[in-house]
Amino acid sequence: MAQTPQQRKANERFAKQESAKRGKGRTSTKLKQTSRSPVSTGWLVILAFVVCGGVFLEFLGIIPKLWSTIVAYFSRLIL
């Protein structure tokens, strides 16, 4: 079956549109890659608690001893 002139024009328009689509690739935007730590936040919090918590508890233990030493020193000076 032969094409009519209308069908031929419609086919040419369609072919032109399709070739235009094929010529333009998808516009890909580069996403910023955020560097992630290999250690999760939860583990960092636990590690900080273990390290800093131990130091904090040691200071709490030292303060009364230090205070008693200072008071004993000043009491010797006064008496």
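Residues numbered from 1 in each chain as written. Predicted model: local features only at pLDDT ≥ 70, side-chain atom pairs only at ≥ 80, totals over all residues. Heavy atoms only, no water.

In the nomenclature of an unreviewed UniProt entry, the protein chain corresponds to Stress-associated endoplasmic reticulum protein from the organism Aspergillus sclerotioniger CBS 115572. Under the heading Function (unreviewed entry), UniProt records this for the protein chain: "Interacts with target proteins during translocation into the lumen of the endoplasmic reticulum. Protects unfolded target proteins against degradation and facilitate correct glycosylation." Quoted verbatim from the Sequence similarities (unreviewed entry) field of UniProt, the annotation for the protein chain is "Belongs to the RAMP4 family." (UniProt positions renumbered as here; feature names shortened; annotations may be inferred.)

Participant: What exactly am I supposed to notice about the overall build of the protein chain here?
Facilitator: In terms of regular secondary structure, the protein chain is built from two helices and zero strands. Buried positions account for 1% of the 79 residues belonging to the protein chain. Roughly 8,400 Å² of accessible area belongs to the protein chain as shown, and the carbon and sulfur atoms make up 66% of that amount. (Helix = DSSP H or I, 4+ residues; strand = E, 2+ residues; numbered from the N terminus. Buried < 20%, exposed > 50% of the residue type's maximum accessible area, 1.4 Å probe, protein only. Areas by Shrake-Rupley, 256 points an atom, 1.4 Å probe, with all protein chains shown as cover.)

Participant: Looking at this model, I keep getting lost on the pattern of salt bridges. Mind explaining?
Facilitator: Here the idea is simple: oppositely charged side chains can pair when their charged atoms come close. Enumeration over the complete set of coordinates arrives at one salt bridge. Across the salt bridge formed by Lys21 and Glu18, the nearest N and O atoms sit 3.3 Å from each other. Here Glu18 and Lys21 lie together in helix α1 (residues 5-23), a separation of three residues that amounts to about one turn. Of the residues examined, Lys21 reaches a relative accessible area of 57% and is grouped as exposed. When its relative accessible area of 23% is taken as the criterion, Glu18 is described as partly exposed. (Salt bridge = Lys/Arg side-chain N within 4 Å of Asp/Glu carboxyl O.)

Participant: Which parts of the structure should I look at to understand the UniProt feature "transmembrane region" (unreviewed entry) in the protein chain?
Facilitator: Taking the numbering used here, the UniProt-annotated feature "transmembrane region" (unreviewed entry) corresponds to residues 42-63. Regarding residues 42-63, the helix share stands at 100% and the strand share at 0%, and the terminal C-alpha atoms are separated by 31 Å.

Participant: Teacher, can you tell me more about the packing of aromatic side chains here?
Facilitator: Each pair of aromatic rings is reported with the distance of its centres and the angle of its planes. Enumeration over the complete set of coordinates arrives at one aromatic pair. Between the aromatic rings of Tyr73 and Phe74, the centroid separation amounts to 5.8 Å while the plane-to-plane angle is 65 degrees, which identifies the pairing as edge-to-face. (Phe/Tyr/Trp six-rings, centres within 6.5 Å; stacked < 30°, edge-to-face > 60°.)

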